Structure formats: structure tokens, C-alpha cells
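Chain and residue survey
Residue strings, one per chain:
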Amino acid sequence: MDLSIIVPLLNEEESIPELYAWITRVMTENSFSYEVIFVDDGSTDSSWNVIEKLKSDAPETVKGIKFRRNYGKSPALFCGFRMAQGDIVVTMDADLQDSPEEVPEMVRMIREDGYDLVSGWKKKRYDGKLSKNIPSKIYNWTARKVTGIHLHDMNCGLKAYRSEVVKNIEVYGEMHRYIPFLAKNAGFSKIGEKVVHHQARKFGKSKFGLDRFVNGYLDLLSLWFLNKFGKQPMHFFGLWGSLMFIICFIAIIIIGISKLVALSHGVPARLIADNPYFYIALTGMIMGTLMFLTGFVAELVSRSSQNRNDYKIEKELV
Ligand code: UDP
Ligand code: MG
């Protein structure tokens, strides 16, 4: 099979039939063999009935997963990725904001230009709100700096992947925003970008609020940390804990010595316990020690993780 198209959705009953008809048209025009996997992320409207109806009309093409409750877009993509059988996997939002017309060119970029992943770039966005567009620019700039991947629109819902990519990454939590980073960390570094048409939402409203930016930044921080120190947390906690301890220890010695020097010269000096720097240095020593010990705990956690030896092997000769 050429293509698996994965559509995560939450309460999008009005859009699904139109989206499906559009996908079908583009797929037939380009004579792709394909499957469409709808992942219903715990909708409370009639989205699932709509999907069941499509399934009964086209049992070979339509596949569906329904979550018992709303887990989020990342879990929906995860389950879709697991089910996908096509050589190329495409993800697309259900709200008709992403256009299926972009898919053939993305597929060509993967097949002919050798990309592992092609991400959409909503160069001209139709989300209508400045409150979304401007933070999104800042956010993408930070994401570029942290991940080293030069994408203008990391979180675009429209993306195409070589199937090995989605089988080798694990999207969880809200990490769908950083799939290119997950892919890069799994060794798929040929990441391309294609400008895509974006449209205003036709039905319903956006399922993500402004908290996406706060959560997005926190997730970016976690991913950066996990990627750099996940397998050797002591390299982080040990270094900074020791540094903090040593600097503060030296500070305390200096405080002590200066007191002794003052005494030996007969200069009146205050008690060490009256010196505010003493308390700052003491707190620093305690924090440094705690950080160091956290490093041990983190090592225990990471050593006992089940996938501590989970390497992405590309080829093997035996
Ligand atoms: N979505 C989902 N689970 C959620 C939230 C959203 O499956 O918990 C789907 C939603 O139905 C849509 C896609 O993710 O197909 C993108 O969501 P939305 O259009 O609300 O985001 P925006 O376009 O505003 O970034
Ligand atoms: Mg949308």
C-alpha cells in the first residue's frame, strides 16, 4: 500500500464527510493505493457514527479507532501510527484546515528527493487571531534554536513520513508538537518542508487554547533535557551539584579566613553567624548536595527503565 492517511479528531462531525470525499478525490486522481485511519479521540458528538458510516461504504479503505475518552492528539497519532500499513504515512487535521491536495507533492519529496519526513508550513495562516500567529512565530524560533531543525512551522498537522520513521518513534503526552525532533533523535535527519495552503476553520472551533504555548515550551525543555541527559542524568546533576557545592564551600572558607585575618590584625569583626554571605553559601552547599543526590536517584530511574538499551538499528549483517 502506498499511503496511510491518519486523521486525529475530536468532535469534528461536520468536517469528516467533506474531508474524506476530498481525500478520495485526490488519491484517485493520483492513483495511489491508500487507507484512511480516523482516530476518534473521545468525541462526544456523532463523529464516530459518521466514521462507521464511511466504513460501511468503503470497508477496504476506511479504518477507525475510537478512544473511550479524550486522551489528546499525541495518543491519537500514536495509535494511528501503530495501525498504519502504508509505505508513506501522512497525518492531517480533521477540520479541513489542511488540504489533501498537498499530499502528492509531499509524497514525491519523500520518494524522489529522499526525505524521511516532510512537514507542512502554513506560510499564510488563517487562524484569524493575532494571539495565535505572533506567539507561534516566537515559539517556532525557539524550537528551531533548541532542536537545530530548520522548520518554520514545527507543529503543522499536515506531515508526511517514510513509514520507518513513525514505527521508530514514540509520540506521547503532547509531543505531537515535536515529532520532527523525535524523528531526528531517532536518527532520521533528512527533514524537509513544504509550503502548504491553510484555510480558516469551517466548522466548530479550535481545540487548543493559549495554554498550548506554556505547555509547548515546557515540553521543549523536557525533550532537550531527555535528549541530552536522559541516559546519563548524573552528567547534569553531578556537574552542577558539585560546582555549586565547591563554589559555596570555597566561599565559606574565604569568610572564615577573612574573619581570622581580621582577628589577627586586631580589627573588630562581626560573628560569622551575623554575616549574610555565610547563609547564602550554606544554602548553596545544601542545594548542591541535594542536586548531586538527585543525580543518583535519576541514575537509578534511568537504569531501571525498560528501554535503556533500545537502539534504533538501521541494518545488521550477521
Ligand atoms: N484533536 C484531537 N484531540 C484533541 C484536540 C484536538 O484529536 O484533544 C484534533 C482536532 O480534532 C483536529 C486536530 O487535532 O483534527 C487539530 O486541532 P485544532 O484544529 O483544534 O488545532 P488548531 O488548528 O487550532 O491548531
Ligand atoms: Mg485546526
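Please refer to the structure placed before this passage.
In this report, the structure presented in the accompanying data block is examined. Fair warning: this is a prediction, and the values are worked out from it, not measured in the lab. (Residues numbered from 1 in each chain as written. Chains lettered and ligands numbered in written order. Predicted model: local features only at pLDDT ≥ 70, side-chain atom pairs only at ≥ 80, totals over all residues. Heavy atoms only, no water.)

Our focus in this paragraph is the nonpolar core. Among the nonpolar cores identified, the biggest contains 35 residues, and Leu3, Val7, Ile23, Met27, Phe38, Val90 and Met92 are the most heavily contacted of them. Within the residue set of this core, elements represented by two or more residues are β1 (3-9), α1 (15-29), β2 (34-40), α2 (47-57), β4 (88-91) and α4 (103-112). Top contributing element to this core by residue count: α1, with seven residues. Other than its neighbours up to four places away in sequence, Met27 contacts Leu3, Ile5, Phe32, Tyr34 and Val103. (Core = buried A, V, L, I, M, F, W, Y, C linked by side-chain atoms within 4.5 Å. Buried < 20%, exposed > 50% of the residue type's maximum accessible area, 1.4 Å probe, protein only. Helix = DSSP H or I, 4+ residues; strand = E, 2+ residues; numbered from the N terminus. Contact = heavy atoms within 4.5 Å.)

The next thing to look at is the site of ligand 1. Taken together, 18 residues are adjacent to ligand 1, and Glu12, Asp41, Asp95, Ser206 and Lys207 come closest. At 2.8 Å from an oxygen atom of ligand 1 is found a main-chain nitrogen or oxygen belonging to Leu10. The separation between an oxygen atom of ligand 1 and a polar side-chain atom of Arg212 is 3.3 Å. In isolation ligand 1 has 530 Å² of accessible area, and contact with the protein removes 93% of it. According to the grid-proximity analysis, the pocket containing ligand 1 is the second largest pocket. Its residues assigned to classes, the shell around ligand 1 comprises five nonpolar, four polar and nine charged. (Near = heavy atom within 4 Å. Polar contact = N/O pair within 3.5 Å; in protein donor to acceptor, adjacent residues only side chain to side chain. Areas by Shrake-Rupley, 256 points an atom, 1.4 Å probe, with all protein chains shown as cover. 1 Å grid on protein atoms, 1.4 Å probe; cavity = no way out; pocket = protein on both sides within 12 Å on 5 of 7 lines; lining within 4 Å. Sits in = over half its atoms within 2 Å of the grid points. Nonpolar A, V, L, I, M, F, W, Y, C, P; charged D, E, K, R; others polar.)

Attention shifts here to the coordination of the magnesium ion (ligand 2). At this site the magnesium ion (ligand 2) is bound by Asp95 (OD) and Gln97 (OE1), with donor distances of 1.8 Å. Classification of Gln97 by relative accessible area gives buried; the value is 8%. (Donors = N, O, S within 2.8 Å, 3.2 Å for Na, K, Ca; no water.)

Taking 1.5 Å per residue as the helical rise, helix α8 (residues 211-229) with its 19 residues ought to reach 27 Å, and the 27 Å between its terminal C-alpha atoms agrees with that figure. Among all positions of α8, only Arg212, Phe213, Gly216, Asp219, Leu220, Leu223 and Phe229 are buried. Buried residues belonging to α8 abut α5 (130-147), α7 (179-185) and α9 (234-264). (Expected span 1.5 Å × (residues − 1).)

Moving on to the sheet that holds β4. Consider a sheet: its strands pair through backbone hydrogen bonds, and that pairing is either parallel or antiparallel. An order of β3-β2-β1-β4-β6-β5-β7 is seen for the seven strands of this open sheet, with the pairing classed as mixed. Both edges of this open sheet fall to β3 (62-66) and β7 (191-195), since each of them pairs with a single strand only. Direction aside, the axes of adjacent strands within the sheet are offset by 20 degrees on average. The sheet contact formed by β2 and β3 spans five bridges and is parallel. Across the sheet, Val39 pairs through a bridge with Ile65, a residue of β3. Packing of α1 onto the sheet brings it into contact with β1, β2 and β3, and relative to β2 it is tilted by some 160 degrees. Lying over the sheet, α2 contacts β1, β2 and β3, oriented at roughly 155 degrees with respect to β3. (Pairing = 2+ DSSP bridges. Axes fitted to C-alpha atoms, helices over the stretch in contact; angles between N-to-C directions.)

Under the definition given, this model contains 15 aromatic pairs. Between the aromatic rings of Phe225 and Phe237, the centroid separation amounts to 6.0 Å while the plane-to-plane angle is 65 degrees, which identifies the pairing as edge-to-face. Taken together, the positions of Phe225 in helix α8 and Phe237 in helix α9 put the pair twelve residues apart, joining distant regions of the chain. Judged by its relative accessible area of 16%, Phe237 is buried. Among the aromatic side chains, those forming a connected cluster through ring pairs are Trp224, Phe225, Phe229, Phe236 and Phe237. Residue placement shows Arg177 over the ring face of Phe208; its charged tip is 5.9 Å from the ring centre. Directly above the aromatic system of Tyr115 lies the positively charged group of Lys190, at a separation of 4.4 Å from the ring centroid. (Phe/Tyr/Trp six-rings, centres within 6.5 Å; stacked < 30°, edge-to-face > 60°. Lys NZ or Arg CZ within 6 Å of the ring centre and 35° of its normal.)

Where α5 meets α8, the axes come as close as 11 Å, and the angle between the chain directions of the two elements is 5 degrees. On the basis of their axis angle, the class for α5 and α8 is roughly parallel. On α8, the residues touching Ser131, Lys132, Pro135, Ser136, Ile138, Tyr139, Thr142, Ala143, Val146 and Thr147 of α5 are Arg212, Phe213, Gly216, Tyr217, Leu220 and Trp224. Of the residues belonging to the contact of α5 with α8, the class tally is nine nonpolar, five polar and two charged. (Parallel < 35°, antiparallel > 145°, perpendicular 65-115°, else oblique.)

Let us look at empty space enclosed by the protein. Taken as a whole, this structure holds one cavity of 30 Å³ or more when the rule is applied. The calculated volume of the largest cavity comes to roughly 70 Å³. Listed by contribution, the elements that provide at least two residues to the lining of the largest cavity are α3 (73-83) and β6 (159-162). Within the lining of the largest cavity, the residues separate by chemical class into five nonpolar, four polar and three charged. (Points joined across faces, edges and corners; volume = space filled by probe spheres on them.)

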